[in-house]
Amino acid sequence: MAFSSHPIVVGNWKMNGLQASLDQVLAVREACATGAAGRCEVALCVPATLIAQAASLLAGSRLMIGGQDCHAAALGAHTGDISAEMLKDAGAKLVIVGHSERRANHGETDAIVNEKAQAAARAGLTPIICVGETRAERDAGETLRVIGRQIDDSVPRGSNPEATIIAYEPVWAIGTGLTPTEKDVAEVHAFIHRRLATLVPTGGKDMRILYGGSVKASNAAALLAIDHVDGALVGGASLKAADFLGITGVYR
Ligand SMILES: O=C(CO)COP(=O)(O)O
């Protein structure tokens, strides 16, 4: 087990964060400047209402801002939606697509997620494409079958491996304090790597695969040292800079 050579830790604030939360962005920015944030790329996917302001605070910083979802179209009659081009215009560098909360709460299929990932790439954003099995699927021994289908159908053919990130987030590990065993994480990440190589023959092995689901400072070192784990997608523990930096700081 060894740390990835090109890791990234991404915070997903979900539907949390008001103006006052920009203080947390500033604290992470400061840690990135001093080196306290660790030797990894660092990004925060804040609510859409904060993207432009957060990004404007980060000129010259290596901290990146991302969105949490985008529409597949560039513009048009889609009330309440946000396009990848709009996120880019607001200063985002990345966007999460296909998070299990979007798949479950908004009926997003692999085909929709695939279109969103293509939209992100078209706009010059790095898509973070999420996959993960439910508890019932794991208990039924279906994990690899489900993940294989999600990868095949959600990851656009011909994706640029350097500008596409996969996040493995077991649904049952999100917000529960539960995590898979290290052996299970290693098995799924190695499986995703092999599967990507069939989809992106020119460099599936270069595509980074993040682990997400109840990552916190106390378990980050063990999770991030697992083979084929190239970083983390962090929910609850990304809301406070101190907690988040306890995770990024694992990469010394
Ligand atoms: O869904 C997640 C990140 O996208 C994980 O959330 P938690 O870290 O709160 O479990």
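The model shown is predicted, which means the values in this text are computed figures rather than measured ones. (Residues numbered from 1 in each chain as written. Predicted model: local features only at pLDDT ≥ 70, side-chain atom pairs only at ≥ 80, totals over all residues. Heavy atoms only, no water.)

### Observations concerning the packing of helix α9 (residues 217-224) against helix α10 (residues 241-248)
- Relative orientation of the contacting elements α9 and α10 amounts to 25 degrees, with a least axis distance of 8 Å. With respect to α10, the element α9 is oriented roughly parallel. Once α9 is placed against α10, the crossing between them reads as right-handed. Every residue of α10 that contacts α9 at Ala217, Ala220 and Leu224 is listed here: Asp243, Gly246 and Ile247.
- A per-class count over the contact of α9 with α10 returns 4 nonpolar, 1 polar and 1 charged. (Axes fitted to C-alpha atoms, helices over the stretch in contact; angles between N-to-C directions. Helix = DSSP H or I, 4+ residues; strand = E, 2+ residues; numbered from the N terminus. Parallel < 35°, antiparallel > 145°, perpendicular 65-115°, else oblique. Left-handed = near helix turned anticlockwise from the far one by under 90°. Contact = heavy atoms within 4.5 Å. Nonpolar A, V, L, I, M, F, W, Y, C, P; charged D, E, K, R; others polar.)

### As for the packing of helix α7 (residues 143-154) against helix α8 (residues 182-199)
- With their axes 10 Å apart at the nearest point, α7 and α8 run at an angle of 35 degrees to one another. For the element pair α7 and α8, the recorded crossing hand is right-handed. Packed against α7, whose contacting residues are Thr143, Leu144, Ile147, Gly148, Arg149, Ile151 and Asp152, the element α8 presents Glu187, Val188, Phe191, Ile192, Arg195, Leu196 and Leu199 at the interface.
- Looking at the contact of α7 with α8 residue by residue, the classes come out as 8 nonpolar, 2 polar and 4 charged.

### Examining the UniProt feature "active site" (unreviewed entry) in the protein chain
- When the UniProt feature table is mapped onto this chain, "active site" (unreviewed entry) is found at His99 and Glu169. Judged by maximum C-alpha separation, these annotated positions cover 71 residues in sequence but sit close together in space, the widest gap being only 8.4 Å. For the largest pocket, the lining residues drawn from the annotated set are His99.
- Within the secondary structure, histidine 99 sits in the loop between β4 (94-97) and α4 (100-105).
- With near-sequence residues (within four places) excluded, histidine 99 lies in contact with Asn12, Lys14, Cys130, Glu169 and Ile174. (UniProt positions renumbered as here; feature names shortened; annotations may be inferred. 1 Å grid on protein atoms, 1.4 Å probe; cavity = no way out; pocket = protein on both sides within 12 Å on 5 of 7 lines; lining within 4 Å.)

### A word on the packing of aromatic side chains
- On inspection of all chains with the given rule, the structure shows 2 aromatic pairs.
- In this structure, arginine 135 is placed above the aromatic ring of tryptophan 172, and the distance from its NZ or CZ to the ring centre is 4.5 Å. (Phe/Tyr/Trp six-rings, centres within 6.5 Å; stacked < 30°, edge-to-face > 60°. Lys NZ or Arg CZ within 6 Å of the ring centre and 35° of its normal.)

### Remarks on the pattern of salt bridges
- Taken as a whole and assessed by the stated rule, the structure comprises 14 salt bridges.
- In this structure, the salt-bridge partner of lysine 116 is aspartate 69, at a minimum N-O distance of 2.8 Å. Placement of lysine 116 in helix α5 (residues 110-123) and of aspartate 69 in the loop between β3 (64-67) and α3 (84-90) is noted, with a sequence separation of 47 residues between them.
- Of the residues examined, lysine 116 reaches a relative accessible area of 8% and is grouped as buried. (Salt bridge = Lys/Arg side-chain N within 4 Å of Asp/Glu carboxyl O. Buried < 20%, exposed > 50% of the residue type's maximum accessible area, 1.4 Å probe, protein only.)

### Side note on the UniProt feature "binding site: substrate" (unreviewed entry) in the protein chain
- Mapped onto this numbering, the UniProt entry gives "binding site: substrate" (unreviewed entry) at Asn12, Trp13, Lys14, Gly175, Ser214, Gly235 and Gly236. What stands out for the annotated residues spanning 225 residues is how close their C-alpha atoms remain, the widest pair being 14.0 Å apart. Set against the largest pocket, the annotated residues named above that line it are Asn12 and Lys14.
- Looking at the secondary structure, you find tryptophan 13 in the loop between β1 (8-12) and α1 (22-34).
- With respect to the element layout, glycine 235 can be found in the loop between β8 (231-234) and α10.
- When near neighbours in sequence (up to four residues on either side) are disregarded, glycine 235 contacts Asn12 and Lys14.

### Describing helix α2 (residues 48-56)
- Along α2, the positions that sit buried rather than exposed are Leu50, Ile51, Ala54 and Ala55. Here the buried residues of α2 occupy an arc of 125 degrees about the axis, which is enough to place them on one side. When the buried face of α2 is taken as reference, the exposed residues oriented beyond 90 degrees from it are Thr49 and Ser56.
- Of the surrounding elements, those touching the buried residues of α2 are α1, β3 and α3. (Arc of directions from axis to C-beta.)

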